[in-house]
Amino acid sequence: MTEFQPRVFSGVQPTGNLHLGNYLGAIVNFVALQESHDCIYCVVDMHAITVWQDPTELSRQIREVTAAFVAAGIDPVKHVVFNQSQVSAHAELAWIFNCVARIGWMNRMTQFKDKAGKDKENASLGLLAYPSLMAADILAYKATHVPVGEDQKQHLELTRDIAQKFNNDYAASIAAHGYGDAYFPLTEPLITGPATRIMSLRDGTKKMSKSDPSDYSRINLTDDADAIAQKIRKAKTDADALPSETEGLKGRPEADNLVGIYAALAGISKQQVLDQFGGQQFSAFKPALADLAVQKLGPIGAEMRRLMADPGHIDQILANGALRADAIARPILDGVKDVVGFIRRN
Ligand code: AQP
């Protein structure tokens, strides 16, 4: 069996309104994994343009996600932080994967169905091929582990399917070129922690999302203390007191979500939250949650604002990261080209 060196890759789209779900579902895990792995964290700007983005806003948002990474504790010196469009291996490998993946696989993706809506014919071709580019993002580095939120599980499964099909379709060539029995690893998703799916503050059955038209549905990482407190105060709840056991959260999606957010921010279990607040009304719980959220997110938002005041510095982080990412991806892409049978410049 071909052995692959452990490596972490993940990405965040610069589509505005970076929120608590992105933070707890993904970025917190990105930070933790730095201790144990070589990590590559990417601002996936090519994914962002699968739906229309205003160009000036897009540049600002690329810098904002970079600032969020750094403010949350990602070290761009020890690890690699860059934006996708600066490393052409992503686009080149995505094309090859477009020819490996099947249209039927893409059509089944729930994110495509959700984002394309009823007017599928009018969606961009890029939106349909999104998971193929995502597989290229990951496999251009032969990444073995990808920390993501729940919503990305299906795309990660598709990445494994593409890797598996490439390994099978080109098995003889892979072996002939000395790569053993597999060119690509079957990447493992890391969907961990108590907050893999944070829900909207307005509707506990919908995920918290950047594109929700209501700003009250999410806590943005750039929200100030007043905005955070106001959004939590206005968050939808039911009329009952909090239960004493997690069983009692079943069928109460809004209560479950707020308790989950408290648990994730405090680094404790939902049961521990209920040990403290069980039997109390939301009128008592919400101010405690708001204080905790301000305490945890306030410094990140402040640091993001400080970093955003110096765009030149952020651009330098991205340029350095891109050079290092390119140095890892280039030989991997060259190997793919050899395996496929392309002739390349030496
Ligand atoms: N609500 C969420 N709870 C937990 N994790 C979440 N993630 C997103 N929403 C939640 C995770 O954040 C990472 C970055 O997401 P993304 O920006 O690449 O794309 P997304 O999943 O499409 O994010 P949004 O916020 O919902 O954006 P829109 O509205 O544009 O679709 C991923 O690891 C994701 O799982």
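Preceding block: the structure.
Numbering of residues begins from 1 in every chain and follows the order in which that chain's sequence is written. In keeping with the model being predicted, local features are shown solely for residues with a pLDDT of at least 70 and side-chain atom pairs are shown and tallied solely at 80 or more, while totals for entire chains, interfaces and linings include all residues. Neither water nor hydrogens contribute to the side-chain values; these are computed over all heavy atoms in the structure.

*Asks:* Can you help me understand helix α7 (residues 125-139) in this one?
*Replies:* It helps to recall that an α-helix has 3.6 residues per turn; residues three or four apart then point in one direction. Secondary structure elements are taken from DSSP: a helix is a run of H or I of four residues or more, a strand is a run of E of two residues or more, and numbering for both begins at the N terminus. The span one expects for a helix is its residue count, reduced by one, times 1.5 Å. Along its 15 residues, α7 runs 21 Å from first to last C-alpha, staying within 8% of the 21 Å computed at 1.5 Å per residue. A bend of about 45° at P131 is the largest found in α7. Relative accessible area decides the class of each residue, using a 1.4 Å probe on protein chains only: under 20% of the type maximum gives buried, over 50% gives exposed, and in between gives partly exposed. For α7, the buried fraction is high: 12 of the 15 residues fall into the buried class. Within α7, the full set of buried residues consists of L127, L128, Y130, P131, S132, L133, M134, A135, A136, D137, I138 and L139. Bend at a given residue is defined as the angle between two axes, one fitted to the seven residues that end at that position and one fitted to the seven that begin there.

*Asks:* Would you mind showing me how to read unusual backbone geometry here?
*Replies:* Leaving glycine out, the prevailing phi sign among residues is negative, and the prevailing peptide bond configuration is trans. Phi at N17 takes a positive value of approximately 50°, unusual for a residue other than glycine. Within the element layout of this structure, N17 appears in the loop between β1 (8-12) and α1 (20-33). For N17, a relative accessible area of 32% translates into the label partly exposed. A positive phi angle, near 45°, is found at K142, a position not held by glycine. Relative to the helices and strands, K142 resides in the loop between α7 and β4 (145-147). Overall, the relative accessible area of 17% leaves K142 in the buried class.

*Asks:* Explanation requested: the site of the ligand in the structure shown.
*Replies:* Taken together, the neighbourhood of the ligand is formed by 22 residues, with D151, K207, S209, K210 and S211 sitting nearest. Here a polar contact is taken to be a pair of N or O atoms separated by no more than 3.5 Å, where protein atoms must pair a possible hydrogen donor with a possible acceptor and residues adjacent in sequence count only if both atoms sit in side chains. For the ligand, an oxygen atom lies 2.9 Å from a polar atom in the side chain of K115. Between the ligand and Q152, the relevant distance is 3.5 Å, taken from an oxygen atom to a side-chain nitrogen or oxygen of the residue. Here the accessible surface of atoms and residues is derived via Shrake-Rupley with a 1.4 Å probe, and residues count as covered only by protein chains that are part of the display. For the ligand, the accessible surface in isolation is 650 Å², of which the surrounding protein chains cover 96%. In terms of residue count, α1 provides more of the shell around the ligand than any other element does, four residues in total. Note on terminology: near, applied to a residue and a molecule or strand, indicates that one of the residue's heavy atoms is within 4 Å of it.

*Asks:* What is the right way to look at helix α3 (residues 55-72) in this model?
*Replies:* Over its 18 residues, α3 extends 26 Å from the first C-alpha to the last, a length consistent with the 26 Å expected when each residue adds 1.5 Å. When α3 is considered as a whole, its buried residues turn out to be L58, Q61, I62, E64, V65, T66, A67, A68, F69, A71 and A72. The backbone nitrogen of T56 has a side-chain oxygen 3.2 Å away, supplied by the residue at the start of α3, namely D54. Immediately beyond the C-terminal end of α3, within one or two residues, lies G73, with a positive phi of roughly 120°.

*Asks:* Can you walk me through the environment of H37 in this structure?
*Replies:* Structurally, H37 can be placed in the loop between α1 and β2 (39-43). Along the primary structure H37 and K115 are separated by 78 residues, whereas in three dimensions their C-alpha atoms are 33 Å apart. Within the structure, H37 has its side chain in polar contact with the side chain of S36 (distance 2.9 Å).

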